[in-house]
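Coordinate analysis (summary)
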Amino acid sequence: MVNRRSWRVLAGIYALALTTGTHWPKLQLGGEETPPFDKLAHAGAFGVLTLLLWRTGWFRSLPALFATAVLWCLVDEVSQAMPGLGRETSFADFFASSTGVVMALAVLWAFRPVGGWPSRIQYDRTNWAIERTLVRPASALLIAAATIAFGAIGAVAAAGIAMLFPNPMPVLLGLLGLGIGMAVGVQASIEILRRRELARLDEPICFRCGAAAGAVEFDERGNGACLQCGAALHAGQWLDPPAIRRPVLRRLLGISALAGGGIIVAGFALYLAVLALRPMSRFFLRLNEAYNALPDDARLVFDLAWV
C-alpha cells in the first residue's frame, strides 16, 4: 500500500510546530543590525505545509488543496490578534503565506502526468518507488544527511561569492545558497533511492495500491486492471521506460528556458511600463508606491512568485 500514514503523522507534527511558531507570544525575527526575513519564512513555511498536505492523500484535486491552504493562512494570521499573544494581524504576512501556497501548487501542477495513460502509469511507478523508499528509516536518514551536506556546500559557496563580490544582502545570498544546496541534496538522494527500489522488483505489482499483479489477465493490446483497486495496468509498465532522445530533450529544455525567460522579460517590461505611466496615471503611481513601500523580503517573495 502507498504509505500515507507516515505523511499524515509528519504533516500533523509540522502543522503543530508551525502553528506554535506563528502564535509564539511577542516573537520577533531579526535585530537592529540583521534585517528580518519574516516574509520569506512565511512563504517557505506554508509552501512546505501545502506539499505535506498533498502527500497525505486527503485532497483529490489541487483547487481543493488551494482553498484549504489559503483558508489556513487566513485563520492562522487572524488568530494571531488574540489577546495575550502580543502579536497582530498583518496582511503582508497573509500575502506572503498565500504566495508560498501558490508556489507549492505551481510545483505540484508542473509535476502532474501529461500525455495519456503511459505518463500516468509512469507517474504512479515513480510515486510508488518514492513512497516505498521513504518508509525505511535508513533511507530517511540518508536523505537528511544528503540535504544537510549539500546545504552546507551551498551556503559555503554563497559565502565565498559574497566575499569575492561584495553585495548589500550577504545573509540573503547565504540563505539562497543553503536552499539551493538542500534542494539538490534532496532531489539527488531521492532519485538514487528510487532507482534502487525499482531495480529490486522481482514480480509485477500495482503501483497504485501495491497489490500483486501476477494473476492479472491482459488483452491483445496489453491492457488490464488491478484485481484489488481496479487501476488500469499495462503489460509493459514494469519494464524500464525508454530514455528520452537527446534532440527531444534539448527541445524540451529549450522550450522551458524560452518560456521562463519570456516570463521574466514580460515582468520586467510590465514594471518599466508602470514606471513610464506613473506621471500620467494616479493608479500606476500608487501601484508603484505600494510596491516600493513593501519590505525587501516581501518584494523578494513577490518576485519569486512571479518567476
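Residues numbered from 1 in each chain as written. Predicted model: local features only at pLDDT ≥ 70, side-chain atom pairs only at ≥ 80, totals over all residues. Heavy atoms only, no water.

Quick word on the packing of aromatic side chains
- Following the criterion strictly, the structure yields one aromatic pair and no others.
- Where phenylalanine 91 meets phenylalanine 94, the ring centres are 6.4 Å apart and the plane angle is 45 degrees; that geometry is what we call tilted. Of this pair, phenylalanine 91 and phenylalanine 94 are both found in helix H4 (residues 91–110), three residues apart, which corresponds to roughly one turn of the helix.
- Taking relative accessible area as the criterion, phenylalanine 94 reaches 18% and is therefore assigned buried. (Phe/Tyr/Trp six-rings, centres within 6.5 Å; stacked < 30°, edge-to-face > 60°. Helix = DSSP H or I, 4+ residues; strand = E, 2+ residues; numbered from the N terminus. Buried < 20%, exposed > 50% of the residue type's maximum accessible area, 1.4 Å probe, protein only.)

Some points on the side chain of glutamate 131
- Relative to the helices and strands, glutamate 131 is located in helix H5 (residues 117–135).
- Judged by relative accessible area, glutamate 131 falls into the buried class, the value being 2%.
- One polar contact links glutamate 131 to arginine 55, side chain to side chain, over a distance of 2.4 Å. (Polar contact = N/O pair within 3.5 Å; in protein donor to acceptor, adjacent residues only side chain to side chain.)

Quick notes on a nonpolar patch on the surface
- There is a patch of nonpolar side chains on the surface, built from Ile263, Ile264, Leu270, Trp306 and Val307 and spanning about 500 Å² of accessible area.
- Among the elements that take part in the nonpolar patch, helix H8 (residues 246–277) stands out by supplying three residues, more than any other. (Patch = residues over 30% accessible without salt bridge, like charges linked within 9 Å, V, L, I, M, F, W, Y side chains within 5 Å. Areas by Shrake-Rupley, 256 points an atom, 1.4 Å probe, with all protein chains shown as cover. Salt bridge = Lys/Arg side-chain N within 4 Å of Asp/Glu carboxyl O.)

Thoughts on helix H1 (residues 5–22)
- An ideal rise of 1.5 Å per residue puts 26 Å on 18 residues; H1 measures up with 26 Å between its terminal C-alpha atoms.
- Looking at H1, one finds that the buried residues are Trp7, Ala11, Ala15, Leu18 and Thr22. Viewed end-on, H1 has its buried residues packed into an arc of 70 degrees, placing them on one side of the element. Facing away from the buried surface of H1 by more than 90 degrees, the exposed residues are Arg5, Ile13 and Leu16. (Expected span 1.5 Å × (residues − 1). Arc of directions from axis to C-beta.)

Describing the packing of H1 against helix H2 (residues 38–55)
- In contact at an axis separation of 9 Å, H1 and H2 are set at 155 degrees when each is read in the N-to-C sense. Here H1 is positioned roughly antiparallel relative to H2, judged by the angle of their axes. Once H1 is placed against H2, the crossing between them reads as left-handed. In contact with Trp7, Leu10, Ala11, Tyr14, Ala15 and Leu18 of H1, H2 contributes Gly44, Ala45, Phe46, Val48, Leu49, Leu52 and Arg55.
- A class-by-class count of the residues in the contact of H1 with H2 yields 11 nonpolar, one polar and one charged. (Axes fitted to C-alpha atoms, helices over the stretch in contact; angles between N-to-C directions. Parallel < 35°, antiparallel > 145°, perpendicular 65-115°, else oblique. Left-handed = near helix turned anticlockwise from the far one by under 90°. Contact = heavy atoms within 4.5 Å. Nonpolar A, V, L, I, M, F, W, Y, C, P; charged D, E, K, R; others polar.)

Brief notes about the confidence of the model for the protein
- For the protein, the average pLDDT comes to 82, and 90% of its residues sit at 70 or higher.
- Helix H10 (residues 296–306) is the least confidently modelled element of the protein, averaging 77 in pLDDT, while helix H3 (residues 62–78) averages 92, the highest of any element.
- Low pLDDT, under 50, characterises residues 31–35; the stretch is placed with zero contacts to residues that sit more than four places away or in other chains. (pLDDT = per-residue confidence, 0-100.)

What to know about H8
- End to end, H8 covers 46 Å across 32 residues, agreeing with the expected 46 Å (1.5 Å per residue, within 8%).
- Listing the buried residues of H8 in full gives Val248, Gly267 and Val274.
- Where H8 is buried, its residues touch helix H9 (282–293) and H10.

Observations concerning the packing of helix H6 (residues 137–164) against helix H7 (residues 170–199)
- Where H6 contacts H7, the two axes come as close as 6 Å, and the packing angle between them is 150 degrees. Crossing hand, H6 versus H7: right-handed.
- Residues that form the contact of H6 with H7 fall into these classes: 17 nonpolar, nine polar and no charged.

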